[in-house]
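Survey of secondary and tertiary structure
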Amino acid sequence: MAPGIPLRLLRLALGGVAWVVLSLGIAAVIFAGSERTIDLASHEATVSPDFSGEIVLRTGPVLPDLRADSGSRLGLDIELGKTDTTSLQELTARYAAIASQPDGQVDVVERAVRTMAVAALVQGAALAALPFAVWAAIGAERRRALLRALPTGEGFVVVLTASVLVVALVAPLTWGRRDPLPQRWMTLGAYVGDDIPLPDEARKVEIMGDVTTEETKRLIASAVSSYQQGQAFYSKAADDAADLDLREPAEDETVALLVSDRHLNVGMDKVARAIGDRAGATAVYDAGDDTSTGERWEAFSLDSVTAAFRDVDDRFAVAGNHDNGSFVRAHMSDEGWRYFDGTVLDGPGGSRILGVDDPRSSGLGNWRDEKGLSSADVAERLTEAVCDADEKGDRVNTLLLHDADFGDQALARGCVDLVVGGHVHVQSGPTEVTGTGGRKGWTYTVGTTGGAAYAIAIGSKLRRAAGVALITYRDGRPVGIQSVTLQTNGRYDVDPWVELTY
């Protein structure tokens, strides 16, 4: 081995270590100066990381800011921007409901932070490589010449000029800045008073004490109370689901969980998941109306149901009449939910499944308004697609709709095994339908999973009974349905398992 090789390797190793250290240093600076705009808690929010070890939530000029220890050196500054509501009461109630079921929003923030961290590391690595690239490009001979020139007058002028340029670029960044005004933080317990009991997870939260009007204190106290009620009700319901007397699938059977008409009630997501787990469900159908208007501010509802079922591989969905526009479908698709474009897909247990989005959009108005294709047009085209697939030997075993009525014609022609939907907020079926040629099929409508009486069901408790359904598959066909209803008082009603025969 040549004598110069070990020394060359040592230089390369030291250069690699120096590059890594410089990369991390630059990345840390870039990361701390990064920010991302996300949809959070029904707001357009800006997330900025730092190394304060604190998570600070800046709520705006009316409600007080909040902060809590992050448990690490990493900190976050989250500034809530515009939202759709003009009512503080509605806004604080929404905060309480989201805070009691925060997994979806936590996922959104974590993804934003990971994105900023990866971007900072890539930029830091690239920038840290520049001085090494310049060093190599200059060459050893030229480097020695530059070093010899430093002690000369010309070298001194060059160094001085470079220093002045750096100061000229950096110094203006601090001009006009003032020290931040002192902030008076206090614990949430001290702010709301001893009359409001706090859950353990809220005891370490601090609140900006500068906003001290009685109206603000009343709103915060109300939000804390709503948070506790929602947390208690839905957590107990999820725990109680583990003891439900549900039919257990045989080894050759597969179970899919059907939810519909959540209407922003994120509290029911972990309850629905718990019911599905108790029944051994390995797939989930979302029959739509996850929102009230389909706007971006309702992304928290989509993030919540995604967080509840993220580890479920088979997730199918259709948009409901309240999921107005393209946002809901696009957002859910990005999160891994499978929507339909007229093609029959592989479903649970070797079955075949087809679905279609609801053609109606209603916002908060008439639920039967139509836009674009009429309901009759959609029903006719859907029937032709289903029956055409059946004639080609690719029978649709499950037709997933928002409103099961759209599948009536396909059932009447004997082209489909099972049509499922929601929309009317009341359970119906399963009902046997004998179609053309004596071919049997079934139709089933699940109740509102969000316990919705109207288009918005977010809150600390159910407005009406909440329902889900469990669909059993065997040999590629749906062979049974069991309905589960959670009453407003927390009691479960479990219907007998209904066998579907053909």
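Quick note: structure is the one above.
Before going into details, it helps to say that this report is about the structure given with it.

Some words on the pairing of strand 10 (residues 314–317)
- Pairing of strand 9 (residues 281–286) with strand 10 involves four bridges; the strand directions are parallel. Residue pairing in the sheet places Tyr285 in a bridge with Phe316 of strand 10.
- Crossover strand 9 to strand 10 through helix 9 (residues 299–309) is right-handed.

Things to note about the sheet that holds strand 7 (residues 206–208)
- One open sheet holds the seven strands; their spatial order is 1-2-5-3-4-7-6, and the pairing between them is mixed. Every other strand in the sheet has two partners, leaving strand 1 (36–40) and strand 6 (185–187) as the edge strands with one partner each. For this sheet the average axis-to-axis angle between neighbouring strands, irrespective of direction, equals 25°.
- As paired strands, strand 1 and strand 2 (residues 43–50) are joined by five bridges and run antiparallel to one another. If you follow Leu40 over to strand 2, its bridge partner there is His43.

Side note on the state of the cysteines
- All told, the structure shown has one disulfide when counted by the stated rule.
- Note that Cys387 is cross-linked by a disulfide to Cys415, the S-S spacing being 2.0 Å. Sign of the S-S torsion, about 100° for the bond between Cys387 and Cys415, identifies this disulfide as right-handed. Residue Cys387 is located in helix 11 (residues 375–391), and its partner Cys415 is located in the loop between helix 12 (408–412) and strand 14 (416–421); the two are separated by 28 residues in the primary sequence. The same class applies to Cys387 and to Cys415, which are both buried.

Re the environment of Ala376
- Looking at where Ala376 falls in the secondary structure, it is placed in helix 11.
- The spacing of Ala376 and Pro359 is 17 residues in sequence and 9.8 Å in space, taken between C-alpha atoms.

Comments concerning the environment of Phe300
- Position of Phe300 among the secondary structure elements: in helix 9.
- Sequence separation of Phe300 and Asp103 is 197 residues, and the distance between their C-alpha atoms is 9.9 Å.

Rules used in this analysis
Residue positions within a chain follow its written sequence, with the count starting from 1. Under the rules for a predicted model, residues below a pLDDT of 70 receive no local features and side-chain atom pairs below 80 are neither given nor counted, while totals for whole chains, interfaces and linings still include all residues. Hydrogens and waters are ignored; side-chain quantities use all the structure's heavy atoms. Strands pair, by our definition, only if DSSP identifies at least two bridges between them. Here a helix means four or more residues in a row that DSSP labels H or I, a strand means two or more in a row labelled E, and each is numbered from the N terminus. The handedness of a crossover follows from its direction of travel: if, with the strands pointing away from the viewer, the path from the first strand over the helix to the second runs clockwise, the crossover is right-handed. To get an axis, a line is fitted to the C-alpha atoms, and for a helix only the part in contact is used. The angle between two axes follows their N-to-C directions and goes from 0 to 180 degrees. Count a disulfide wherever a pair of cysteine sulfur atoms falls within 2.5 Å. Between buried and exposed lies partly exposed: a residue is buried under 20% and exposed over 50% of the maximum accessible area for its type, with that area taken using a 1.4 Å probe on protein chains only.

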